[in-house]
Amino acid sequence: MTDYLCISEKPTAAKRIATALDERGKPKKLPVPRNFGRIPVWESMRNGDRIVTIPALGHLYSTVEDSAGGWHYPAFSYKWTPSYLANEKNKTRPFILAFKKFGKEISNVIIATDYDLEGEVIGATIAKFACGQDLANVKRMRFSTLTKSDIVNSFEHRDPSVNINLVNAGFARHEIDWLFGINLTRALTLSIKHATGRYKLITTGRVQGPTLRFVADRERDIQTFVPIPRWAIDARIDLDGDEIFIEYNKKFLPSLKEAEKVVAETTGRDGIVKEIGPRKITQKPPAPFNLGTLQSEAYRHFGYTPSRTLRAAETLYLNALISYPRTSSQQFTAAINHRDILTQLTKCDPYRVRANKLLAKSKLHPTFGKKKDPAHPPIHPTGKKLAGNLRNEERNLYNLIVCRYLAIFGEPSIKNGLRLDLKINDHIFYLRGMKVLKKGWLEFYTPFGRVDEVELPDLAVGDVVKLAYINHKQSYTQPPARYNPNSLLKKMEEQELGTKATRASTIDILYSRGYIEDESINATDLGFAVIDTLQKNSPDIISIELTRKLQREIEDIQAGKKSREAVLMESIVQLKKILEKFHKKEKIIGVTLEEQVQNLKQRQRILGKCPVCKQGELIITRSIRTKKRFVGCTGFYKKLCDWSAPIPQKGYAVPAKKNCKHCGFPMLTIRRKGKKPFTICPNWISCPGTPDEVIDNYRNNKAGALDAIVEEET
Amino acid sequence: MATKCVVCQSTIEKGEYCDAHSIAKKNLEKRFSDWQKAYEKMTWEEYLTRMVEDADIPVGEWAKEVAIYLNNQSKK
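As the structure is a computational prediction, the values presented were derived from the model and not from experiment.

(A) Seen up close, the side chain of Q223(A). Along the chain, Q223(A) falls in helix α7 (residues 208-223). A distance of 3.1 Å separates a polar side-chain atom of Q223(A) from the backbone nitrogen of E61(B). Setting aside its immediate chain neighbours within four residues, Q223(A) contacts R482(A), G60(B), E61(B), W62(B) and A63(B).

Okay, here's the thing in structure tokens:
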């Protein structure tokens, strides 16, 4: 009998692995000492061998500074340490204790974390630091789904050792991120401290800075945008009493004179059908999903942010419903048995008919895209029946993944694009139509691959039609669109910033640090302040090229082309140069940043023009006497206006940037941790939109009543 | 010596405008010829007034701030 210690990444995955490996499918939960808390340690029996599976909780070890020099920069000395020592809030101590205890008893260690950079680091740090193992002796289970067959197969055919290149690349990425993050954050924060004596934490990082730069650059383009006027021709023909829109052959005309000329030369004239041209459009089935395309499609159909999609996909993966989602692959290998998966899908009502239709084919050829990922196949369903405990977003995402999977086996769709040309006094107008001749893969991608058919009117070449209406319509060129979480993620992908696993969380960090805001992403004043100051004084910090270069070097370690030490040394040399340049300009950077931060603070208090005196501005302020928060008019200081109103005392109050639809007062938003933001009218006492019970409660209990209402409605 | 942007009063090292308002001013100047072509006759003052007063024109906030400043200057 041999004992094995299996390191899993999360408690849910550990239970699945233990269940799959136990011959009876019922692993035993081993008792653990009281100070281990509720850590589930599973014992599975297989062919006379004993397998103990223990979960981690993400990273149990992290990098910290290895010197006691205080909060300074540069800081190049670091060490790996348990995360609970690095961060007081981290609750991972019992997990490390469990690994240490069983690591002493069992010498055969198997890493069964997700097979990627992060998973490899999680497993390798536990095996090395908690279990005291030489990584050359540690085995590796590799699986892309948490189904029983995949887990058993990966256990039976486990790798004799971990992928040391992958481990080194993972370690290097953590270390480089730590070096850049800690040094740049300290440099920025200390620049303000040294210049003004104030403390304001300004964070940045290797990927964070360049990503924020994309948003700031776009916002600058929007705010400095000056449009050009242009004119479109708005025309309709009369067909048996129905008015049908026709398009002019030039979408826009650059001058009013030209637009007026077209209208003058066509008004009152009839049109003649000159040509009807069909055009066959063949559309191939889409490539299978990788994480990027899944996030993009989920945003398009459901409006889910990339991080929300990733969270939902991970739940589906942990429920063994789909394959590993953090993949960039768009190509299936022969190892995947599609016929098996489709057969399983025939047991699910919504997919039965479509799966059966595909199974009737003699051969199944999935489409493929350009991207490869040797570690994992594209995202696909496992065929396991959907559980009842899933949330709506997980169900929606699962449906999207299954439909996409079915679509990749479909035939190309064929559409007939029709165009009817009308000549009205030497001016060409046209009508467009669309007819689906063969649905092909679109049938399998329902409801996500819908095509709106537009029928052309029954007209033939030479027919005369009456022009019912024509005029010109002025419009303007438009500023570029703001990024949304999805398009920003795509931009990062296109510019090779970050990895598939970290891009969504980088965007979340920018939101949480207050550098960007809103769904249609807008750089805040603070975000601008950081980018502007750095662009002028230390552009390397936000250099896309530098970040991309470092990313490539990490990939080189993974491919065995470079050593971890060489890449780390190069990074430190780069970072040292950046910090030296920064240090020379530290004072000016500090003063500029502080000025911008103060401007921001001021702007965050202003709600908008006071509708009462129409001169002052409504601001969120505090009473000197009671210290309570309220909204008042700045006109008070000039003895122009004494309007004021109480507002909820709890939460973070910011301008809502919109006016109350009932009374026109500029509104404010209250944000509370873990709750949905709530927008209220500061004029709530007199606002016709305020429910009577709020006023009654207020009269009885004053400001507490308003807090209660906010609580209730969130 | 540090000075202030004539539009937003932020501290700048040299010139009249901060970086943001400087780009906005250049854009206003660059687009003026397109507006002249579009309407055949248009003066710089008329152009600035349109930018400031016509709410349908999707002009960026910073460009508008420069237009307001220049418009006020020309009226003085």
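Back to the text.
(B) Seen up close, helix α2 (residues 44-53) of chain B. Residues and elements named next belong to chain B. Turning to α2, its buried residues are Y47, L48 and M51. Down the axis, α2 shows its buried residues gathered within 95 degrees of arc, on one side only. Next to the buried residues of α2 lie α1 (19-39) and α3 (61-75).

(C) View of the sheet that holds strand β18 (residues 617-622) of chain A. Residue and element names in this part refer to chain A. Read from one edge to the other, the open sheet built from four strands follows the order β17-β18-β19-β20, with strand pairing classed as antiparallel. The sheet is open, and its two borders are formed by β17 (606-609) and β20 (644-646), each paired with just one other strand. Direction aside, the axes of adjacent strands within the sheet are offset by 25 degrees on average. Across three bridges, the pairing between β17 and β18 is antiparallel. By the bridge assignment, G608 is partnered in β18 with L618.

(D) Representation of the sheet that holds strand β3 (residues 42-46) of chain A within the structure. All names here are of chain A. In space, the six strands of this open sheet follow the order β2-β3-β4-β1-β7-β8, with mixed pairing throughout. The open sheet is flanked by β2 (28-29) and β8 (139-140), the only strands paired with a single partner. For β3 and strand β4 (residues 49-55), the ladder comprises five bridges, and the chain directions are antiparallel. Opposite R46, over in β4, you have D49 as the bridge partner. Against the sheet, helix α3 (residues 93-105) touches β1 (3-8) and β4, its axis set at about 160 degrees to β4.

(E) Just the interface of chain A and chain B, in detail. Between chain A and chain B, the residue contacts involve 23 residues of the former and 28 residues of the latter. Of the roughly 1,900 Å² buried between chain A and chain B on both sides combined, carbon and sulfur atoms contribute 64%. Contact with chain B buries surface across chain A, with Q223(A), T224(A) and V226(A) losing the most and accounting together for 30% of the total. On the surface where chain A and chain B come into contact, there are two salt bridges. Here E40(B) ties to K257(A) by a salt bridge, and the two come within 3.5 Å at their closest N and O atoms. Counting across the interface, chain A meets chain B through 11 residue pairs in polar contact (both at pLDDT 80 or more). Listed by contribution, the elements that provide at least two residues to the side of chain A that touches chain B are α7, β9 (229-239), α8 (256-266), β14 (464-476), α16 (525-537) and α19 (586-603) of chain A. Here the side of chain A that touches chain B gets three residues from one element, more than from any other, and that element is α7(A). Among the residues making up the side of chain A that touches chain B, the classes are represented as 13 nonpolar, six polar and four charged.

Rules behind the numbers
Residues numbered from 1 in each chain as written. Chains lettered and ligands numbered in written order. Predicted model: local features only at pLDDT ≥ 70, side-chain atom pairs only at ≥ 80, totals over all residues. Heavy atoms only, no water. Helix = DSSP H or I, 4+ residues; strand = E, 2+ residues; numbered from the N terminus. Polar contact = N/O pair within 3.5 Å; in protein donor to acceptor, adjacent residues only side chain to side chain. Contact = heavy atoms within 4.5 Å. Buried < 20%, exposed > 50% of the residue type's maximum accessible area, 1.4 Å probe, protein only. Arc of directions from axis to C-beta. Pairing = 2+ DSSP bridges. Axes fitted to C-alpha atoms, helices over the stretch in contact; angles between N-to-C directions. Buried area = accessible area lost by both parts, 1.4 Å probe. Salt bridge = Lys/Arg side-chain N within 4 Å of Asp/Glu carboxyl O. Nonpolar A, V, L, I, M, F, W, Y, C, P; charged D, E, K, R; others polar.

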